[in-house]
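If you want the building blocks of each chain, they are given just below.
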Amino acid sequence: MTIDALGAILLIPSLSAALLAVLPGYMLAAKLNIVAALATFLTSLSLFVIEPTSGQYLLLDDLNKVFIVLTTFIGFTTSVFSASYIHHEIEIGRLTPAFLRFYHAMYQMLMFAMNLALVANNIGLMWVAVEVATLTTVLMVGIYRTHEALEAAWKYFILGSVGIALALFGTILVYMAARPAVGEGLDGMVWTVLVKHAAQFDPALLNVAFVFLLLGYGTKVGLAPLHAWLPDAHAEGPTPISAVLSGLLLNVALYALLRFKMMLAVNSEAIAPGPLMVTMGLISVIFAALMLYRRRDIKRMFAYSSIEHMGIIVFAFGMGGPLANFAALLHMAMHSLTKSAIFFAVGHIAQVKGTQKIAEIGGLTTTNPVLGWGLMLGVIAIVGLPPFGIFMSEFLVVSSTFARAPWLTVILVLGIIIALGGLFLRVGAVMFGEPKGKTAPAEASYVPMFTHLGLVLMAGIYLPPVLVTGFQNVAKLLG
Amino acid sequence: MSSLQFDIAHLLAGSLVLASFMMLYQDRLYALLNVYALHAGVLALSVGWQAYVQQAPHLYITALIALVFKAIIIPVALHRIIKRLGIHREIENVIGIGLTMMAGIGLVALSMVVMLRVTPGADALAREDLAFALSVVLLGLLIMVTRRNAVSQVVGFMSLENGLVLAATGAKGMPLVVEISVAFSVLIAFIVIGIFLFRIRERFDSVDVQALDRFRGERR
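Not measured: the values here are computed from a predicted model.

1. What to know about the overall build of chain A
Alright, step 1. Helix and strand counts for chain A stand at 19 helices and zero strands.
Alright, step 2. Computed over its C-alpha atoms, the radius of gyration of chain A comes to 21 Å, within 12% of the 23 Å expected for a compact globule of 479 residues.
Alright, step 3. Based on the C-alpha atoms only, the size of chain A along its principal axes is roughly 65 × 55 × 45 Å.
Alright, step 4. Out of the 479 residues in chain A, the part that is buried amounts to 62%.
Alright, step 5. Within chain A, counting contacts between residues at least 6 apart in sequence, those at least 24 apart form 82% of the total.

Below you can see the structure in the form of structure tokens.
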């Protein structure tokens, strides 16, 4: 049996996870982690050159290609950041080498699970992959063994499990709906087969199924009011995990939801999933934007910002149509890059200052100018100011939906502006004014952060035509 | 399918809902665990019967997992944990038992109305199974929200998961059922180990989740 690129992006992380689990010496492990992540990324790039054929279990189309490349790229840059991050954690004794061995194995395990969820052509397999991804992140969120970390892990665990359980019920209902048209057995869960026959499915059953799937995977996307686990998990875990959670895992859950949305779109009698997604998206945007004002913990604040941006993305996908889908995809890519860059900066800042409390951090631009300005650039990008890519994607979301639903768009813009105010208010205090806290120079790796910001800046100024056509194809696919 | 086969399947699935109701009013942890063991035992019987009726031998594996893992190993392990932690006496309900039972009846009625209405096309057994399964899922959620104790929340989650297995086996010919039930067993094992490893008792001097609330929100 030959292994094509699709198999390889699953095989590399799973083998590395096994290897990292037994490998002593965290310095070597961190390097191996980077090498494995880089190899996975390069393999995913090869998907553009040689397209492996989709089978009953694995699938490759324009949609998941975008997600896979984004996931493996950020997985790689985060592993570079992680290497310098954990070096500091070992020095101050917050983590022991034994925990790090576990951490690295789990990191690759998470990469494997996310890639599996993205390439799975079987809705049952996709569900299992999302479950594995949830479990590995739960374990990593609790790795510091503090009160707060344990509580965050427990909360994430219980809420994530309930979400996963509801998603499985929805998956079973989809199978039930498909059985009369597709027949019993494996075909009833193969996504490509399901989409082909979705027009003949029982619409009532499909509707109920989608509600469960939206609630289930929506919990994992972090949509309000199902978001309760998200801020804790982001704030209490190691920062590389916060970056991966925000930048990637939320996208993976969203991807699962999009697959089912595409299925419902084929069936003309089923409810349109759009309005449900638009409503939940808008609630998330407004809610998260208001919550930004009362934050005291810097990582928690950016976690709320992630809820806001996932809300914008879900809103845009819910509106649908080629332009809004294009904008949503672009926004998703830009948000993943920017948010993980912000977490790279925040991770080092929290290490330098020895705290995550906003009140105890001040004057960063004078004490640690590179980190400070790096974070500042990230925040300018994330609130949607030009010339960064998020400005362009938010502009596209707003302009593409304004003609169709002016009032909804007004609410959305209001949310974005409230969030802008909240973030600047809090970050301004951290950036400028009297230096507070420790002022030691940072031993940081700036490359991943500035690579991400550079990409976001480039996308804001000039989007390569290849990328535009690629995204347009995907947007058309999403309908 | 003969009417006797249908009746037995119906009886077993209905018993599962009944066992869920029994969990709702238990006010001691040991008793709750015993009812959970019963719940898992009924699930094993129900899945076993489905395996026989559908002539799907792989479902016997799922039944066996339910019997050995969920009805025996997990309750015994939780018994020991409870003993070690010395918390066997109390279960604190957030709302009164009467109100909880009323809510439970409402949820079962809701799932009947929703499920029977949307599945007129499916065969009778699958319809009823799905309606019962949704009831068990919703009752599991109810147990989770009405209990403050971490162990009983986990028991609520496990009963919810039993409902999912019932739904998966009721959907005739569904692939990956065994794999999914194994995946869920791993999840549950994680939770049980989690209670122990996280040592909620040691950390918080209580498994009462309210104690966790002290750490909720922002660190000050």
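Don't stop here, the text continues.
2. A short note on the interface of chain A and chain B
Alright, step 1. Contacts between the two partners involve 34 residues from chain A and, on the opposite side, 35 residues from chain B.
Alright, step 2. For the side of chain A that touches chain B, the secondary-structure elements that each account for two or more residues are helix H5 (123-141), helix H6 (147-182) and helix H8 (203-221) of chain A.
Alright, step 3. No other element matches H6(A), which puts 16 residues into the side of chain A that touches chain B.
Alright, step 4. The residue makeup of the side of chain A that touches chain B, split by class, is 19 nonpolar, six polar and nine charged.

3. What to know about the nonpolar core
Alright, step 1. Grouped together as the largest cluster of nonpolar side chains are 258 residues, with contacts concentrated most on A:Ala117, A:Ala129 and A:Val252.
Alright, step 2. The element that contributes the greatest number of residues to this core is H6(A), accounting for 24 residues.

4. Concerning the UniProt feature "transmembrane region" (unreviewed entry) in chain B
Residues and elements named next belong to chain B.
Alright, step 1. UniProt annotation of "transmembrane region" (unreviewed entry) refers to residues 6-25, 32-52, 58-82, 94-118, 130-147, 154-171 and 177-198 when read in the numbering used here.
Alright, step 2. This span, residues 6-25, is 95% helix and 0% strand, and a straight line between its end C-alpha atoms measures 30 Å.
Alright, step 3. Secondary structure across residues 94-118 divides into 88% helix and 0% strand, with the first and last C-alpha atoms of the span separated by 33 Å.

5. Observations regarding the packing of helix H15 (residues 369-382) of chain A against helix H18 (residues 447-461) of chain A
All names here are of chain A.
Alright, step 1. Axis separation between H15 and H18 bottoms out at 11 Å; the angle between their running directions is 35°. Considering the relative orientation of H15 and H18, their crossing is left-handed. Across from Gly374, Leu377, Gly378 and Ala381 in H15, the residues of H18 making contact are Met449, Phe450, Leu453 and Val456.
Alright, step 2. Looking at the contact of H15 with H18 residue by residue, the class counts come to six nonpolar, two polar and no charged.

6. Topic: the environment of A:Gly185
Alright, step 1. Relative to the assigned elements, A:Gly185 resides in the loop between H6 and helix H7 (191-197).
Alright, step 2. Considering only alpha carbons, one finds A:Gly185 and A:Leu215, 30 residues apart in sequence, at a separation of 26 Å.
Alright, step 3. The residues touching A:Gly185, leaving out its near neighbours within four places in the chain, are B:Gly173 and B:Pro175.

7. With respect to H6(A)
All names here are of chain A.
Alright, step 1. Taking 1.5 Å per residue as the helical rise, H6 with its 36 residues ought to reach 52 Å, and the 50 Å between its terminal C-alpha atoms agrees with that figure.
Alright, step 2. Buried residues dominate H6, accounting for 32 of its 36 residues.
Alright, step 3. Gly183 sits one or two positions beyond H6 and adopts a positive phi of about 100°.

8. Section: unusual backbone geometry
Alright, step 1. The linkage connecting A:Ala224 with the following residue, A:Pro225, adopts the cis geometry, with an omega of 0°.
Alright, step 2. Residue A:Pro386 is joined to A:Pro387 through a cis peptide bond whose omega torsion reads 5°.
Alright, step 3. For A:Pro387, the location among the structural elements is in the loop between H15 and helix H16 (389-402).
Alright, step 4. A positive phi angle is found at B:Gln55, which is not glycine, with a value near 50°.
Alright, step 5. By secondary structure assignment, the location of B:Gln55 is in the loop between helix H2 (29-54) and helix H3 (58-85).

9. Remarks on helix H11 (residues 273-291) of chain A
Residue and element names in this part refer to chain A.
Alright, step 1. Between its first and last C-alpha, H11 extends 27 Å over 19 residues, near the 27 Å set by a 1.5 Å rise per residue.
Alright, step 2. Along H11, the residues classified as buried are Pro273, Met277, Val278, Met280, Gly281, Leu282, Ser284, Val285, Ile286, Ala288, Ala289 and Met291.
Alright, step 3. Here the buried face of H11 lies against H8, helix H10 (239-266), helix H12 (298-319) and helix H17 (406-431).

10. Topic: the packing of helix H1 (residues 3-24) of chain B against helix H6 (residues 150-170) of chain B
The angle between the axes and the distance between the axes are what describe a pair of packed helices.
Residues and elements named next belong to chain B.
Alright, step 1. The contact between H1 and H6 brings their axes to 11 Å, and the two run at 170°. Considering the angle they form, H1 stands roughly antiparallel to H6. In this structure, H1 contributes Ala13, Leu16, Ser20 and Met23 to the contact, and H6 contributes Ser159, Asn162 and Leu166.
Alright, step 2. The class makeup of the residues in the contact of H1 with H6 is four nonpolar, three polar and no charged.

Cut-offs applied
Residues numbered from 1 in each chain as written. Chains lettered and ligands numbered in written order. Predicted model: local features only at pLDDT ≥ 70, side-chain atom pairs only at ≥ 80, totals over all residues. Helix = DSSP H or I, 4+ residues; strand = E, 2+ residues; numbered from the N terminus. Rg over C-alpha atoms; globule rule 2.2 N^0.38 Å. Buried ≥ 20, exposed ≤ 12 C-beta atoms within 10 Å, placed from the backbone. Contact = placed C-beta atoms within 7 Å. Nonpolar A, V, L, I, M, F, W, Y, C, P; charged D, E, K, R; others polar. Core = buried A, V, L, I, M, F, W, Y, C linked by C-beta atoms within 7 Å. UniProt positions renumbered as here; feature names shortened; annotations may be inferred. Axes fitted to C-alpha atoms, helices over the stretch in contact; angles between N-to-C directions. Left-handed = near helix turned anticlockwise from the far one by under 90°. Expected span 1.5 Å × (residues − 1). Parallel < 35°, antiparallel > 145°, perpendicular 65-115°, else oblique.

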